Amino acid sequence: MKEISLVETIREALIPKQQSLFAQTTRFEITEQLKKLDSSTLKTLYFYILSEGENVKEDISHFLQRKSQSREPYLDSLSDRVIERIYSVAQKVRREIHRFKGFMRFREVEGKYLYGAFSPDYNIILPLSEHFAKRFREEKIVIHDIKRNIATFCHRGRVFKAVIEREIPKPTPPEQLISELWKRYFDEIGIKERENRKLQRQKVPLKYRRTIIEFGKNLKESYL
Amino acid sequence: MLIKSSPSLYEKLALLARGAKFDVSCASSGVARESKSAKIGSTARFGICHSWSSDGRCISLLKVLLTNFCINDCAYCINRRKNDIDRTILLPEELAKLTYEFYRRNYIEGLFLSSGIMGSAERTMEMMIDTVKILRQKYGFYGYVHLKILPYTSEQTIREAIKWADRVSMNLELPNEQSMKSLAPEKKFSEILGTINRISQILRERQDQKEGFFSKGGQSTQIIVGATSDTDYEILKLSNLLYKRNRLRRVYYSGYIPVNNDSRLPALTAPPLLREHRLYQADWLLRFYGFSLDEIVDPRNPNLDENVDPKLSWALRNLNFFPVDISNAPLEVLLRIPGVGPVSAKKIIHFRRHTSLGLRELKKLGVVIKRAKYFITWRGKPLIERSLIDSPERLSEQVQLFSENQLRISL
């Protein structure tokens, strides 16, 4: 995401547009404060917002206040509990985005759409969709956060917010074959003599497995 | 559709995955590419893992053989000529299609294609390259491709492979001429090393190439551990040479797993996983911690200590180097402290100018306190009771108690 849209996104999370006129000056001030931050700090605040934690607004206000006292807030992450929380939670969000770049599974459904359902701890559907929109430019992709029941449509590098109104279309004829091939491959590639289920559980936590097809017992169950 | 018309595809894929699984490399890193001319695919600088198999190894690439037919008879290999196993081949078009279909469902980050040798190395390599060309051209695929270079391929064909792949590798498997002569009689150590040399030259010539793929992810190789009596010193000496002279990105170590009955091979009850783990740790010390080979192993102590990790082992042999004062030690000295890595060392340097660092703060910066605390001071003051630092024997005992004997393997 570009810096300017990060600034806007963070500002909107702090003071939504529909608030009273009274908020206009504050909106302006906050924009100015945010513009002074470098892009990695802006990203940290953005990811912190995606965590949907209880104190997001207060914590970011605190952060901006510390920043206005002309000290690099990152340096306070050892002594200031709020700032420490912002950095450590943002890091968790960042990690979950990275994980789902790998764990997301798409199935081809009627109409040649690729449909992917997932259930993340944090509200990461937008940054994740940007990744897939660029990677699968020609595809028509629907990404569905089934925990929050929100969705996006991605095509040609762009991401649109979407609403799932009807039932998800049926898988196309080759879908079952391809996914069965994958599962067969997955079972085959593990080396018996080196079996290490504990390490596997660390790497692919049980909470994520429901939407990762090679861990589901059969297709229906794994896709819900 | 091609895939639909082939009912035996399950069996083929299973066989060819079984034949490929002992290759440990699965990295999809080293190349960041996001191209608008791509129909499909991108690569990420640090790679992306898509799954983890029952052995806890990451699955990033579709790791598969083009064929498990082979004219060679390497003692350690499941696909050796003598073995009575089912043999098959995936045609380039089938394999390209399969990769594409897996990729667009986000099962994988790309393709890792290796092969047994059918007919001649040259002919087999050409079919492997055909597969990649179909992927790149017909499917507009810009995802990651790792191509195995087969021994005794012509230079022209090697150049073509490099052109279409993101990373290439040629497996040494054994660390010297003698071992190779005994276990892989059809191959010659010096010639394989020569080809690795040639590949690194070609990669160097091509490093500024802007267009296309040209294996910007460099070259890697693999060495089997525990199939011969070769020492860790011999293995690491070779790795060190490959990193220094050939700028290899990675040397992979593969703990030997007996797949064949052969009198030339040791009878192992379990693969030497701990030894493999220690070799990786030593490899990291060579590449990221500024250690030289003879600080880790030498001809008089040719094997790594399995009870203590090689960095802690070095520290215990060099107690006069410690304690290190973390308030002012330079990066290369910080990196010598057990429990401090490249990331935490850089954080220490960043924070110490502004803040006083005690055990609590160091922990937050990612330092492993239970190891590091014996070896550090802050502005001259120890962070544990003085007596330990003053008495090296007690210190050594203490540290040994804490040394990890837990085995974690993750490539």
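Thresholds applied
Residues numbered from 1 in each chain as written. Chains lettered and ligands numbered in written order. Predicted model: local features only at pLDDT ≥ 70, side-chain atom pairs only at ≥ 80, totals over all residues. Heavy atoms only, no water. Pairing = 2+ DSSP bridges. Helix = DSSP H or I, 4+ residues; strand = E, 2+ residues; numbered from the N terminus. Axes fitted to C-alpha atoms, helices over the stretch in contact; angles between N-to-C directions. Contact = heavy atoms within 4.5 Å. Core = buried A, V, L, I, M, F, W, Y, C linked by side-chain atoms within 4.5 Å. Buried < 20%, exposed > 50% of the residue type's maximum accessible area, 1.4 Å probe, protein only. Salt bridge = Lys/Arg side-chain N within 4 Å of Asp/Glu carboxyl O. Phe/Tyr/Trp six-rings, centres within 6.5 Å; stacked < 30°, edge-to-face > 60°. Lys NZ or Arg CZ within 6 Å of the ring centre and 35° of its normal. Polar contact = N/O pair within 3.5 Å; in protein donor to acceptor, adjacent residues only side chain to side chain. pLDDT = per-residue confidence, 0-100. Parallel < 35°, antiparallel > 145°, perpendicular 65-115°, else oblique. Left-handed = near helix turned anticlockwise from the far one by under 90°. Nonpolar A, V, L, I, M, F, W, Y, C, P; charged D, E, K, R; others polar. Right-handed = clockwise from strand over helix to strand, strands pointing away. Arc of directions from axis to C-beta. Expected span 1.5 Å × (residues − 1). Buried area = accessible area lost by both parts, 1.4 Å probe.

S.K.: What is the right way to look at the sheet that holds strand β6 (residues 110-114) of chain B in this model?
M.R.: To summarise the sheet geometry, strands pair through backbone hydrogen bonds and adopt either a parallel or an antiparallel arrangement. Residues and elements named next belong to chain B. A sheet is described by the order of its strands in space; here 6 strands give the open sequence β5-β6-β7-β8-β9-β10, paired in parallel fashion. The open sheet has two free edges, formed respectively by β5 (61-65) and β10 (250-255), since each of these has just one partner strand. Along the sheet, successive strands turn relative to each other by an average axial angle of 20°, direction set aside. Relative to strand β7 (residues 144-148), β6 is paired through 4 bridges, and the arrangement is parallel. Bridging from a neighbouring strand, F112 pairs with H146 of β7. The sheet strands contacting helix α3 (residues 121-138) are β6 and β7, and the helix crosses β7 at an angle near 175°. Helix-sheet contacts for helix α6 (residues 189-205) involve β8 (167-169) and β9 (219-225), and the interaxial angle to β9 is about 155°.

S.K.: What should I look at first to understand the nonpolar core in this one?
M.R.: Generally speaking, nonpolar side chains in soluble globular proteins are found buried as a group. Grouped together as the largest cluster of nonpolar side chains are 178 residues, with contacts concentrated most on F102, L147 and I337 of chain B. Counting residues per element, this core draws most heavily on helix α5 (residues 81-103) of chain A, which supplies 10 residues. Counting 5 residues, the second-largest nonpolar core is a separate cluster that includes C26, V31, F112 and Y144 of chain B.

S.K.: Can you help me understand the pattern of salt bridges in this one?
M.R.: Side chains that carry opposite charge are capable of pairing whenever their charged atoms lie near each other. Following the criterion strictly, the structure yields 46 salt bridges over all chains and no others. For R159 of chain B, the salt bridge goes to E205 of chain B, with nearest N and O atoms at 3.5 Å. Here E205 of chain B lies in helix α6 and R159 of chain B lies in helix α4 (residues 155-164), a separation of 46 residues in the sequence. E205 of chain B gets classed as partly exposed once you look at its relative accessible area, which sits at 49%. Several salt bridges converge on common partners, so that one network encompasses E108, K112, E139 and E175 of chain A together with K97, E101, R104 and R105 of chain B.

S.K.: Looking at this model, I keep getting lost on the sheet that holds strand β13 (residues 381-382) of chain B. Mind explaining?
M.R.: All names here are of chain B. An order of β11-β12-β13 is seen for the 3 strands of this open sheet, with the pairing classed as mixed. Taken across any chain shown, the strands that pair with only one partner, and hence form the sheet edges, are β11 (324-325) and β13. Here 2 bridges tie β11 to strand β12 (residues 376-378), and the two strands are oriented parallel to one another. Within the sheet, the bridge partner assigned to D325 lies in β12 and is T377.

S.K.: Help me understand the packing of aromatic side chains, please; the structure alone is not making it clear to me.
M.R.: Describing an aromatic ring pair means giving the distance of the ring centres and the angle of the ring planes. Scanning all chains against the criterion turns up 30 aromatic pairs over all chains. Seen in terms of ring centroids, F132 of chain A and F136 of chain A are 6.0 Å apart; in terms of plane orientation they differ by 5°. Their pairing is stacked. Assessed through its relative accessible area of 0%, F136 of chain A is described here as buried. An aromatic cluster of at least three residues, connected via ring pairs, comprises F100, F103, F118 and Y208 of chain A together with W52 of chain B. The ring of F291 of chain B carries the charged tip of R336 of chain B above its face, separated from the ring centre by 3.8 Å. Over the ring of W314 of chain B we find R336 of chain B; its NZ or CZ atom is 4.8 Å from the centre of that ring.

S.K.: What is the right way to read the environment of E96 of chain A from this model?
M.R.: All names here are of chain A. Within the secondary structure, E96 sits in helix α5. E96 has contacts with P120, D121, Y122, I124 and Y208, leaving out every residue within four places of it along the chain. One polar contact links the side chain of E96 to the main-chain amide nitrogen of Y122, over a distance of 2.9 Å. At 2.8 Å, the side chain of E96 forms a polar contact with the side chain of Y208.

S.K.: Where do I start with the confidence of the model for chain A in this structure?
M.R.: Close inspection of predicted coordinates is inappropriate in any region flagged by low pLDDT. All names here are of chain A. This prediction gives chain A a mean pLDDT of 89; 93% of its residues lie at or above 70. For chain A, the element scoring lowest by mean pLDDT is helix α10 (residues 219-223), at 44; strand β3 (residues 140-145) scores highest, at 97. In the model, residues 218-224 has pLDDT below 50 throughout and makes 17 contacts with residues more than four positions away in sequence or in other chains.

S.K.: Any chance you could explain the packing of helix α4 (residues 56-68) of chain A against α5 of chain A here in plain terms?
M.R.: Any two packed helices are characterised by how steeply their axes cross, that is the angle between the axes, and by the distance between the axes. Residue and element names in this part refer to chain A. Two elements in contact, α4 and α5, have axes whose closest approach is 10 Å; the angle formed by their N-to-C orientations is 110°. Regarding the angle of α4 to α5, the classification is roughly perpendicular. The handedness of the crossing between α4 and α5 is left-handed. Between α4 and α5, the contacting residues are D59, I60, H62, F63 and R66 on the first element and V82, I83, R85, I86 and Y87 on the second. Looking at the contact of α4 with α5, its residues break down into 6 nonpolar, 1 polar and 3 charged.

S.K.: Looking at this structure, how should I read the pairing of β3 of chain A?
M.R.: On a regular strand, each side chain points to the face opposite its neighbour's, so the side chains alternate between the two faces of the sheet. Residues and elements named next belong to chain A. β3 sits mainly inside the fold: 5 of its 6 residues count as buried. Here 6 bridges tie strand β2 (residues 113-118) to β3, and the two strands are oriented parallel to one another. Counterpart to A117 in the pairing with β3 is H144. For the handedness criterion, the β-α-β arrangement of β2, helix α6 (residues 125-135) and β3 is classed as right-handed. When β3 meets strand β4 (residues 150-155), the two strands line up antiparallel, connected through 5 bridges. Paired with H144 across the two strands is A151, which belongs to β4.

S.K.: Explanation requested: helix α12 (residues 342-352) of chain B in the structure shown.
M.R.: At 3.6 residues per turn, the α-helix brings residues three or four places apart onto the same side. Residue and element names in this part refer to chain B. All of the buried residues along α12 are S344, A345, I348, F351 and R352. One face of α12 carries all of its buried residues, which in axial projection span an arc of 135°. Among the exposed residues of α12, those oriented more than 90 degrees off its buried face are V343 and K346. Turning to α12, the residues buried within the fold contact α11 (331-334), α13 (359-364) and β12.

S.K.: Would you explain α3 of chain B in this entry?
M.R.: All names here are of chain B. Relative to the 26 Å expected for 18 residues at 1.5 Å per residue, α3 spans 25 Å between its end C-alpha atoms, a close match to the ideal helical length. Within α3, the full set of buried residues consists of A121, T124, M125, M127, M128, I129, T131, V132, L135 and R136. The secondary structure elements touched by the buried residues of α3 are β1 (33-34), α2 (92-104), β6, β7 and α4. Downstream of α3 by a residue or two, G140 has a phi angle that is positive, lying close to 60°.

S.K.: How should unusual backbone geometry be read in this particular structure?
M.R.: Peptide bonds are mostly trans, and most non-glycine residues show a negative phi. Residues F322 of chain B and P323 of chain B are joined by a peptide bond in cis, for which omega reads -5°. For R156 of chain A, which is not glycine, the phi dihedral falls at a positive 50°.

S.K.: I tried to follow the interface of chain B and chain A on my own but got confused; where do I start?
M.R.: On the side of chain A, 54 residues touch chain B, which itself brings 66 residues to the contact. When chain B packs against chain A, the two sides together hide about 5,500 Å² of surface, and 60% of this comes from carbon and sulfur. Run the count over chain B and chain A and you get 8 salt bridges. E109 of chain B is the partner of R135 of chain A in a salt bridge, and the nearest nitrogen-oxygen pair spans 2.6 Å. Mapped by element, the contributors of at least two residues to the side of chain B that touches chain A are α1 (9-18), β2 (42-43), β3 (51-52), β5, α2, α8 (273-288), α12 and α13 of chain B.

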